[in-house]
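Fold and contact review
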Amino acid sequence: QVQLVESGGGLVQAGGSLRLSCAASGLSSSIAVMGWYRQGPGNQRDWVATINSRGTTNYADSVKGRFTISRDNAKNTMYLQMDALRPEDTSVYYCHAVGLLPTPNEYWGQGTQVTVSS
């Protein structure tokens, strides 16, 4: 089992920055891929970015060039640096992980609110 806890959300003005963190515990060494998703009011949960165990990253077009995903394997923590924030980035941001042990499974954090004011 893997447990994920997000932190770092909050209120920021448009153009500002925030850094989200996701701390993994449990069988964190079995995690193959980690990522961030977001869900606005009345919307589906959308993919934002992923990073694998080798550090390969991928981003949704809507955040490419503004957000940076990173991972500190020694601290079992993933980050999302969000710069040049826009009001449309307002959402609950969720940490996601795919673990391989004891059986392949996916895990979600509880979510952290990010609000960008215009």
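In what follows, the structure referred to is the one given above.
Keep in mind that this is a model prediction, so the values were computed, not measured.

The rules we used
Residues numbered from 1 in each chain as written. Predicted model: local features only at pLDDT ≥ 70, side-chain atom pairs only at ≥ 80, totals over all residues. Heavy atoms only, no water. Helix = DSSP H or I, 4+ residues; strand = E, 2+ residues; numbered from the N terminus. Rg over C-alpha atoms; globule rule 2.2 N^0.38 Å. Buried < 20%, exposed > 50% of the residue type's maximum accessible area, 1.4 Å probe, protein only. Contact = heavy atoms within 4.5 Å. Areas by Shrake-Rupley, 256 points an atom, 1.4 Å probe, with all protein chains shown as cover. Lys, Arg positive; Asp, Glu negative; His and termini not counted. Charge placed at Lys NZ, Arg CZ, Asp CG, Glu CD. Phe/Tyr/Trp six-rings, centres within 6.5 Å; stacked < 30°, edge-to-face > 60°. Lys NZ or Arg CZ within 6 Å of the ring centre and 35° of its normal. Salt bridge = Lys/Arg side-chain N within 4 Å of Asp/Glu carboxyl O.

Considering the overall build of the protein chain
Assigned secondary structure in the protein chain consists of 0 helices and 11 strands. Order of helices (α) and strands (β) in the protein chain, N terminus to C terminus: β-β-β-β-β-β-β-β-β-β-β. Taking 13 Å as the expected radius of gyration for a compact globule of 118 residues, we find that the protein chain reaches 14 Å, a close match to that expectation. Once the C-alpha set of the protein chain is aligned to its principal axes, its extents read approximately 45 × 25 × 20 Å. The buried share of the protein chain, reckoned over its 118 residues, is 44%. Across the protein chain, the fraction of contacts at a sequence separation of at least 24, relative to all contacts at a separation of at least 6, is 54%. A total of about 6100 Å² of accessible surface is found on the protein chain, and carbon and sulfur atoms cover 49% of it. Here the protein chain holds 9 positive side-chain charges and 8 negative ones, and the gap between their average locations is 5 Å.

With respect to the packing of aromatic side chains
Applying the stated criterion across every chain yields a total of 1 aromatic pair. Taking the centre distance of 5.0 Å and the plane angle of 70 degrees together, the rings of Tyr37 and Trp108 count as edge-to-face. In this pair, Tyr37 sits in strand β4 (residues 31–39) while Trp108 sits in strand β10 (residues 105–108), placing the two residues 71 residues apart along the sequence. Its guanidinium or amino end placed over the ring of Tyr94, Arg45 lies 3.6 Å from that ring's centre, counting from NZ or CZ. Above the plane of the ring of Trp108 lies Arg45, whose end atom (NZ or CZ) is 4.7 Å from the centre.

A closer look at the pattern of salt bridges
Inspection of every chain in the model, using the stated rule, returns 3 salt bridges. The partner of Lys64 in a salt bridge is Asp61, with the nearest N and O atoms 3.2 Å apart. Judged by relative accessible area, which is 68%, Asp61 ranks as exposed. Connected through salt bridges with shared partners, the residues Arg38, Arg66 and Asp89 form a single ionic network.

Comments concerning unusual backbone geometry
For the bond from Leu101 to Pro102, the omega torsion is -5 degrees, close enough to zero to count as cis. Here Pro102 shows up in the loop between β9 (91–99) and β10. Phi is positive for Asn76, which is not a glycine, with a value near 50 degrees. Its location among the elements puts Asn76 in the loop between β7 (67–72) and β8 (77–82). Even without being a glycine, Ala84 presents a positive backbone phi close to 50 degrees. Exposure remark for Ala84: the relative accessible area of 39% places this residue in the partly exposed category.

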